Amino acid sequence: MFRRKAFSLLKTIPLMSDPLNLASKFIHPVIASHGHLCHRTSVDYRKAQDSPGSAGGQTISAPQTKVMAKEELPGVLILDIGGTHGVLEDLAALLKKHFCLITMKEFLESKREMGKKIQSIFVFECRPTIDRELLESLPNLKVIGNSGVGVDHLDLKTIASFGVKVTNTPHAVADSTADIGMALMLASARRLVEGCQIAVSPDTKHFAVDWLGVEVTQATLGIIGMGSIGYKVAQRARAFHMRILYHNRNRRKEEEEAVGAHYCEKMEDLLQQSDFVMLVVNLTPETHKLIGKKELGLMKPTATLINISRGAVIDQDALVEALQNKIVRAAALDVTYPEPLPRDHPLLRLNNIIITPHIGTATVQALRMMAEEAIANMLAVLNGQPIPSEVFPK
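Residues numbered from 1 in each chain as written. Predicted model: local features only at pLDDT ≥ 70, side-chain atom pairs only at ≥ 80, totals over all residues. Heavy atoms only, no water.

Note the cis peptide between Tyr337 and Pro338, where omega equals 0°. As for its placement among the helices and strands, Pro338 is situated in the loop between strand E15 (330–333) and strand E16 (353–355). Here the amide bond leading from Glu339 into Pro340 is cis, since omega sits at -5°, within 30 degrees of zero. Along the polypeptide, Pro340 turns up in the loop between E15 and E16. Located in the positive-phi region is Cys126, a residue other than glycine, with phi close to 65°. Looking at where Cys126 falls in the secondary structure, it is placed in the loop between strand E7 (118–124) and helix H5 (132–136). Taking relative accessible area as the criterion, Cys126 reaches 42% and is therefore assigned partly exposed. Backbone geometry places His241, a non-glycine residue, at a positive phi of 55°. With respect to the helices, strands and loops of the structure, His241 is situated in the loop between helix H9 (228–239) and strand E11 (243–247). A residue is classified by how much of its surface remains accessible, and His241, at 58% relative accessible area, is exposed. (Helix = DSSP H or I, 4+ residues; strand = E, 2+ residues; numbered from the N terminus. Buried < 20%, exposed > 50% of the residue type's maximum accessible area, 1.4 Å probe, protein only.)

See the structure below:
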């Protein structure tokens, strides 16, 4: 819902058009004839574009490619266009420049014919569901382009067994997700949600002088997961003169030196020292309920837990108990399990928690960049070119 409202502004808000626009970082030659359904007229792509800040650190230029008249476009399967769960219409327009869009309804109405045309699947908001039955129905499928970083909704091993590649969009989401992490930390520290409620309440006669929050500046931030998003969080935290700790499977010396972070080989050390603990990990069997009763008990009673990864990374029952008994000061979550939580869930009745509706990437710019990166990934696979963001099964 929030993504749809934001993206409806696309027609009135100018998107980035400078050379650093993510679209120019993933320039591929227009694909040759792969599909069997849609056609487009001749277009001449002769203007090379340079991207000084591409993900791989290299300049990528668009080759001079002439698109022949009546060029056939490869089929891409999507759940739907618009509606409650379909691809946003503006994103569908981007896809149509390079693919012939086939909705799930169209596919199901003519599986044999449509199944042969589909060479890629665009996954938006974890839809459509990719299962073995669907994979068996798509003999020419080559790539699944996931719009977003997390791929816990995809069975990577099963997909790989069909010879299909999976891609995601880590570069497009890093800034917006890091921003929401900082926003949650600041809002929780200064009790902004509670403060807003007090300020607008018709019952408020005066503001209490003992209504206090805690400082973010010069506090200790513990980041669990120093990937691209975790690093972006650290960059922002540095501006607040925070002491930055991080725990990661592998030490990231270059990143820690750039932001002045300190590596904690043991997560327990980070939990014990941090005023704010931010979770920025992928959901895997190893990270499922990574933070439970034991880990919460190691945190300071004045500490705040922030989750911008996946809901299932936290044992939510343990979190309820910790918040109720003041084991930790507060929590701020952009993700829960499930989403949304049942309306009678105990987390919703606590006043020392902030919960937002998974809006880490819910900005006009981020959604467009995610679509652009996903498109670039899918085109790379179909063209047999190096894939900017491939995800491999473990």
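The next thing to look at is the sheet that holds strand E14 (residues 304–307). The strand order E12-E11-E10-E13-E14-E15-E16 describes an open sheet built from seven strands, whose pairing is parallel. Of all the strands in the sheet, the pair left with one neighbour each is strand E12 (262–263) and E16. Contacts from H9 reach strand E10 (220–224), E11 and strand E13 (276–279) within the one sheet, and its direction differs from that of E10 by about 170°. (Pairing = 2+ DSSP bridges. Contact = heavy atoms within 4.5 Å. Axes fitted to C-alpha atoms, helices over the stretch in contact; angles between N-to-C directions.)

Running from N to C, helix H7 (residues 170–189) and helix H14 (residues 364–383) point in directions that differ by 165°, and their axes come no closer than 8 Å. In terms of orientation, H7 and H14 fall into the roughly antiparallel class. Two packed elements cross with a definite hand, and for H7 against H14 that hand is left-handed. Here Pro170, His171, Ala172, Val173 and Ser176 of H7 come into contact with H14, specifically with Ala366, Met369, Met370 and Glu373. Split by residue class, the contact of H7 with H14 holds six nonpolar, two polar and one charged. (Parallel < 35°, antiparallel > 145°, perpendicular 65-115°, else oblique. Left-handed = near helix turned anticlockwise from the far one by under 90°. Nonpolar A, V, L, I, M, F, W, Y, C, P; charged D, E, K, R; others polar.)

Looking now at the packing of helix H2 (residues 89–96) against H14. Direction vectors running N to C along H2 and H14 enclose 25°, while the axes themselves pass 10 Å from each other. By the angle class used here, H2 and H14 are roughly parallel. Considering how the two elements wind past one another, H2 and H14 form a crossing that is right-handed. Only Leu367, Arg368, Ala371, Glu372, Ile375 and Met378 of H14 make contact with H2, whose side of the interface consists of Leu91, Leu94 and Leu95.

Now for the nonpolar core. With 55 residues, the main nonpolar core has Leu95, Phe99, Phe122, Leu221, Ile223, Phe276 and Ile308 as its most contacted residues. In this view, Leu95 contacts Ile78, Val87, Leu101, Phe122, Ile375 and Met378; residues no more than four positions away in its chain are not counted. One finds Leu296, Met299, Ala322 and Leu347 within the second-largest nonpolar core, a separate group that totals 29 residues. (Core = buried A, V, L, I, M, F, W, Y, C linked by side-chain atoms within 4.5 Å.)

The next thing to look at is the pairing of E15. The alternating pattern of E15 places Ala330 and Ala332 on one face and Ala331 and Leu333 on the opposite face, and all of these are buried. The pairing of E14 with E15 spans four bridges and is parallel. Its bridge partner being in E15, Thr304 is matched across the sheet by Ala330. Following the chain from E14 across helix H13 (residues 316–324) to the adjacent parallel E15, one finds a crossover that is right-handed. Here E15 pairs with E16 via three bridges, running parallel. Considered in E16, the bridge of Leu333 is made with Ile355. (Right-handed = clockwise from strand over helix to strand, strands pointing away.)

Further remarks concern the pairing of strand E5 (residues 75–78). Here E5 shows two buried faces, one formed by Gly75 and Leu77 and the other by Val76 and Ile78. Regarding topology, H2 serves as the crossover connection from E5 to the parallel strand E6 (residues 100–103), and that connection is right-handed.

Next up on the list: the sheet that holds strand E17 (residues 390–391). One open sheet holds the six strands; their spatial order is E6-E5-E7-E8-E9-E17, and the pairing between them is mixed. Bordering the open sheet on either side are E6 and E17, each of which pairs with just one other strand. Pairing of strand E8 (residues 143–147) with strand E9 (residues 165–167) involves three bridges; the strand directions are parallel. Within E9, the residue paired with Gly145 across the bridge is Thr167. Along the sheet, H2 makes contact with E5, E6 and E7, crossing E6 at roughly 130°. The strands touched by H14 within the sheet are E5, E7, E8 and E9, with E8 carrying the most contacts at an inclination of about 165°.

In this section: the confidence of the model for the protein. Considering every residue of the protein, the mean pLDDT works out to 87; 82% of them sit at 70 or more. Mean pLDDT per element in the protein: strand E2 (residues 43–45) is the minimum at 32, and E13 is the maximum at 99. For residues 9–37, every residue scores under 50 in pLDDT, and the model assigns this stretch 84 contacts once sequence neighbours within four places are set aside. Across residues 40–70 the pLDDT falls below 50, and counting only partners more than four positions away or on other chains, this stretch makes 65 contacts in the model. (pLDDT = per-residue confidence, 0-100.)

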